[in-house]
Amino acid sequence: LVLNSDGSSNFNGTISASPATTANQVVVKSQLDAVAASSGTYTPTLSNITNISALNLSGAVYTIIGNIVTVRIEGSYDPIAANTITQFSATLPVIMSEVSQNSLGSGATGSLDYFPILVSKKTTSLVNAYLKSGTDISLQPFAITFSYQK
């Protein structure tokens with residue numbers, strides 16, 4: 001290390017460090033890579049479970065920051081009966097940790113009536129969406145957003 005008279009410095013050689021474990025240590029590249037954000041689109045498989053005659057995907061996106069995955073899925077469904085508990089499932093872009101909580105997120109559906117959707121963990125690769133169909137049993141839009149630990 002050479003300190004110059006103008007306050008600058010020059011260094012020749014190699015710096016090595018262990019991963020930081022306290023606030024006053026240097027963070028190494030592998031630690032930064034572990035929390036780097038990534039995102040993309042994916043095509044989940046949507047499956048009818050209860051009260052749906054047709055289920056359509058409009059699009060799906062995800063973002064990963066560290067070990068947290070956030071997903072948004074949009075589509076439409078055609079309920080069989082009005083005012084009835086309705087359920088469908090969707091596959092995930094990244095496998096979910098076993099320790100992820102059961103309630104993962106929410107959404108909304110409807111064109112005349114708007115109803116909430118609850119998204120919960122089914123397996124490490126599948127979520128279920130629960131809602132109540134409205135009075136209009138024509139094709140209805142939906143959007144769900146949820147997060148989980150990978």
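Conventions used here
- Residues numbered from 1 in each chain as written.
- Predicted model: local features only at pLDDT ≥ 70, side-chain atom pairs only at ≥ 80, totals over all residues.
- Heavy atoms only, no water.
- Phe/Tyr/Trp six-rings, centres within 6.5 Å; stacked < 30°, edge-to-face > 60°.
- Helix = DSSP H or I, 4+ residues; strand = E, 2+ residues; numbered from the N terminus.
- Buried < 20%, exposed > 50% of the residue type's maximum accessible area, 1.4 Å probe, protein only.
- Salt bridge = Lys/Arg side-chain N within 4 Å of Asp/Glu carboxyl O.
- Pairing = 2+ DSSP bridges.
- Axes fitted to C-alpha atoms, helices over the stretch in contact; angles between N-to-C directions.
- Polar contact = N/O pair within 3.5 Å; in protein donor to acceptor, adjacent residues only side chain to side chain.
- Contact = heavy atoms within 4.5 Å.
- Core = buried A, V, L, I, M, F, W, Y, C linked by side-chain atoms within 4.5 Å.

**Section: the packing of aromatic side chains**
Alright, step 1. Enumeration over the complete set of coordinates arrives at three aromatic pairs.
Alright, step 2. Ring plane angle 75° and centroid distance 6.1 Å describe the contact between Tyr42 and Tyr62, whose orientation is recorded as edge-to-face. Highlighted residues: Tyr42 in the loop between strand 3 (38-41) and strand 4 (46-50) and Tyr62 in strand 5 (residues 52-65), separated in sequence by 20 residues. Neither Tyr42 nor Tyr62 differs from the other in exposure class; each is buried.
Alright, step 3. Their ring planes at 50° and their centres at 4.8 Å tell us that Phe88 and Phe142 sit as a pair that is tilted. Separated by 54 residues along the polypeptide, Phe88 in strand 7 (residues 85-91) and Phe142 in strand 11 (residues 140-149) bring together distant segments of the chain.

**Considerations on the pattern of salt bridges**
Alright, step 1. Applying the stated criterion across every chain, the model contains one salt bridge.
Alright, step 2. Its salt-bridge partner being Arg72, residue Glu74 comes within 2.8 Å of it at the nearest N-O pair.
Alright, step 3. Of the residues examined, Glu74 reaches a relative accessible area of 34% and is grouped as partly exposed.

**Considerations on the sheet that holds strand 8 (residues 103-109)**
Alright, step 1. Within the open sheet, the nine strands sit side by side as 3-5-6-11-8-9-10-7-4. Their pairing is antiparallel. Edge positions in the sheet fall to strand 3 and strand 4, since each of these pairs with one other strand and no more. When the angles between neighbouring strand axes are averaged without regard to direction, this sheet yields 25°.
Alright, step 2. Across six bridges, the pairing between strand 8 and strand 9 (residues 115-123) is antiparallel. Paired with Thr109 across the bridge in strand 9 is Phe115.

**Some details on the side chain of Thr109**
Alright, step 1. Locating Thr109 in the fold gives a position in strand 8.
Alright, step 2. Side chain to side chain, Thr109 and Tyr77 meet in a polar contact 3.4 Å long.
Alright, step 3. Every residue in contact with Thr109, bar those within four places of it in the chain, is listed here: Tyr77, Tyr114, Phe115, Ile117, Leu131, Gln140, Pro141 and Phe142.

**With respect to the nonpolar core**
Alright, step 1. In terms of nonpolar packing, the biggest core is built from 24 residues, with Val71, Ile73, Val127, Phe142, Ile144, Phe146 and Tyr148 touching the most fellow members.
Alright, step 2. Once residues within four sequence positions are removed from consideration, Ile144 is found in contact with Val71, Arg72, Ile73, Phe88, Ser106, Gly107, Ile117 and Val119.

**Examining the pairing of strand 8**
Alright, step 1. Here strand 8 folds back onto strand 9, and the loop between the two strands holds five residues, one of which, Gly110, carries a positive phi near 125°.
Alright, step 2. Of the strand pairs in this sheet, strand 8 and strand 11 are connected by five bridges, and their pairing is antiparallel. The partner of Thr109 across the bridge, within strand 11, is Phe142.

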